[in-house]
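Chain by chain, the residues:
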Amino acid sequence: MSVYLNSRFAGFESYVPGEQPQDRKYIKLNTNESPFPPSQVVIDAAARAAGELNLYSDPECVQLRKAASQVFGVPAEWILPVNGSDEILDFAFMAFCGKDAPIAYPEISYGFYPVLSGLHGIPAIEVPLKDDFSIDYMDYVELHQNIVIANPNAPTGLVLTRDQVEEIVRSNPDNVVIIDEAYVEFGGESSIGLVEKYPNLLVTRTFSKSHSLAGARLGFGIAQSTLIADLNMIKYSTNPYNVNRMTAAAGTAALGENDYYLTNCGIIAANREYTAGGLRDMGFFVTDSKSNFLFARSDKIPGVRLYEALRERGILVRHFSKKAIEDFVRISVGTREQMDQLLQAVSQILSS
Ligand code: PMP
């Protein structure tokens, strides 16, 4: 920390992303990326766009929004493309929250929520989960606060139904409810269909997981035009060309091949169930994840030990040091071959 850092950041802890090690080749099951590469059409579109990198990108992302409108089933004016869905969360925290406008979210959830509230000086209301790690949606009904909920939640993978989400949104009409659907394509119920009915709902999406574009950084905010206008005010005041040319082209092409990506999501969901079964057979407690990761704990080995032992064997998973979940590891779901290697390694570790 330099002497120049503003005092409001004294002791501030920034977000810690999952490792992206360059030292050796790992089976990477630590950051919930897709194991499938983008399709050739997407690669070609990005390459063509690379030839025009001397020009700024379209700040309005007209083509991308048009393609997204077809797939999400909402007007293009309701869609705001962003530089990864972390950016739309940042915009939303800035636009709708403040010192006098707190934000509520589950105590165990995506680590960016407390970081953003700290960064922007927003009081956070951390709502405990139930003992089974699920979210009690009634905790948010008539809360009368801004709310952000990941659905499926991270790192548990557990879901709320669309009806439960609707009850939360309907009963907090004076506040914004953000539903972070980063993992919804792997088995959750989307709330995009509710946007038409509720001017206080913002749904966020990412192409990092379902659409094999983590490295491109592409996310979306979906809300009625009034909320989108507020979010655009922040965007045009921070980063007007937030989606670069290659990413916009890649995203537009990926939207044109949505079925290919949804098929991949189905394969990942099947691999998830297969792996959960294998872990349960070895005595693990595994939450009923509907996302592209598993959240698992064994009485036979502490979470951090399992993380380390897998790392030594060339398999990266994620361990969180937060007390309530320190016994767990989070395992991204990859190909069947990767999952077989994981199960084999876990079995060896437990028996050694
Ligand atoms: N929301 C949740 C719940 C996540 O786990 C992530 C991935 N770290 C994101 C949002 C952000 O994803 P991205 O910025 O890659 O779109």
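Residues numbered from 1 in each chain as written. Predicted model: local features only at pLDDT ≥ 70, side-chain atom pairs only at ≥ 80, totals over all residues. Heavy atoms only, no water.

### What to know about the pattern of salt bridges
- This structure, assessed with the given rule, holds twelve salt bridges.
- Here glutamate 19 and arginine 311 are joined by a salt bridge, their closest N and O atoms 2.3 Å apart. Separated by 292 residues along the polypeptide, glutamate 19 in the segment before strand E1 (27-28) and arginine 311 in helix H9 (residues 303-312) bring together distant segments of the chain.
- Given a relative accessible area of 27%, glutamate 19 falls into the partly exposed group. (Salt bridge = Lys/Arg side-chain N within 4 Å of Asp/Glu carboxyl O. Helix = DSSP H or I, 4+ residues; strand = E, 2+ residues; numbered from the N terminus. Buried < 20%, exposed > 50% of the residue type's maximum accessible area, 1.4 Å probe, protein only.)

### Here we look at the layout of surface pockets
- Volume-wise, the largest pocket comes out at about 1200 Å³.
- Lining of the largest pocket is provided by 49 residues; of these, Tyr15, Val16, Tyr110, Gly111 and Arg318 occupy positions nearest its centre.
- A per-element tally of the lining of the largest pocket places helix H4 (residues 112-119) first, with five residues.
- A per-class count over the lining of the largest pocket returns 22 nonpolar, 16 polar and eleven charged.
- If you count residues domain by domain, the lining of the largest pocket takes at least three from each of domain 1 (7-37 + 259-351) and domain 2 (54-257). (1 Å grid on protein atoms, 1.4 Å probe; cavity = no way out; pocket = protein on both sides within 12 Å on 5 of 7 lines; lining within 4 Å. Points joined across faces, edges and corners; volume = space filled by probe spheres on them. Nonpolar A, V, L, I, M, F, W, Y, C, P; charged D, E, K, R; others polar. Domains from an automatic or database assignment.)

### What to know about the domain arrangement of the protein
- If you check the domain split of the protein, you get domain 1 (7-37 + 259-351) and domain 2 (54-257).
- Centre-to-centre, using C-alpha coordinates, domain 1 lies 24 Å away from domain 2.
- Each partner contributes residues to the interface: domain 1 has 35 residues there, and domain 2 has 30 residues.
- The junction of domain 1 with domain 2 conceals about 2500 Å² of combined surface from both sides, 69% of it contributed by carbon and sulfur atoms.
- When residues of domain 1 are sorted by the area they lose upon contact with domain 2, Tyr15, Tyr261 and Lys290 head the list and together hold 27% of the total.
- The interface formed by domain 1 and domain 2 holds zero salt bridges in total.
- Here domain 1 and domain 2 share eleven residue pairs in polar contact (both at pLDDT 80 or more) between them.
- Here the residues of the side of domain 1 that touches domain 2 are counted per class, giving 18 nonpolar, eight polar and nine charged. (Contact = heavy atoms within 4.5 Å. Buried area = accessible area lost by both parts, 1.4 Å probe. Polar contact = N/O pair within 3.5 Å; in protein donor to acceptor, adjacent residues only side chain to side chain.)

### Some words on the sheet that holds strand E2 (residues 79-82)
- Spatially, seven strands are ordered E2-E8-E7-E6-E5-E3-E4 in an open sheet, and the strand pairing comes out mixed. Strand pairing shows two members of the sheet lacking a second neighbour, E2 and strand E4 (124-127), which therefore form its edges. Across the sheet, the mean angle from the axis of one strand to that of its neighbour is 20°, orientation sign disregarded.
- Here helix H2 (residues 62-72) sits on the sheet and contacts E2, strand E7 (201-206) and strand E8 (219-222); the angle it forms with E2, its principal contact strand, is near 120°.
- Its contacts with the sheet put helix H6 (residues 225-238) on E2, E7 and E8, and the angle it makes with E2 is roughly 30°. (Pairing = 2+ DSSP bridges. Axes fitted to C-alpha atoms, helices over the stretch in contact; angles between N-to-C directions.)

### Notes on the site of the ligand
- Around the ligand sit Gly84, Ser85, Asp86, Tyr110, Asp180, Ala182, Tyr183, Thr206, Ser208, Lys209 and Arg217, and that is every residue in its neighbourhood.
- Here an oxygen atom of the ligand sits 3.1 Å away from a polar atom, N or O, in the main chain of aspartate 86.
- Measuring from a nitrogen atom of the ligand, one finds a side-chain N or O atom of tyrosine 110 at 3.1 Å.
- Here the ligand, which alone exposes 400 Å², has 91% of that area covered by the protein.
- The cavity where the ligand resides is the largest pocket.
- Classifying every residue of the shell around the ligand by side-chain character gives three nonpolar, four polar and four charged. (Near = heavy atom within 4 Å. Areas by Shrake-Rupley, 256 points an atom, 1.4 Å probe, with all protein chains shown as cover. Sits in = over half its atoms within 2 Å of the grid points.)

### Topic: the pairing of strand E3 (residues 103-106)
- Two elements, E3 and E4, share four bridges in a ladder whose sense is parallel. If you follow proline 106 over to E4, its bridge partner there is valine 127.
- Regarding the hand of the β-α-β motif, the stretch spanning E3, H4 and E4 is right-handed. (Right-handed = clockwise from strand over helix to strand, strands pointing away.)

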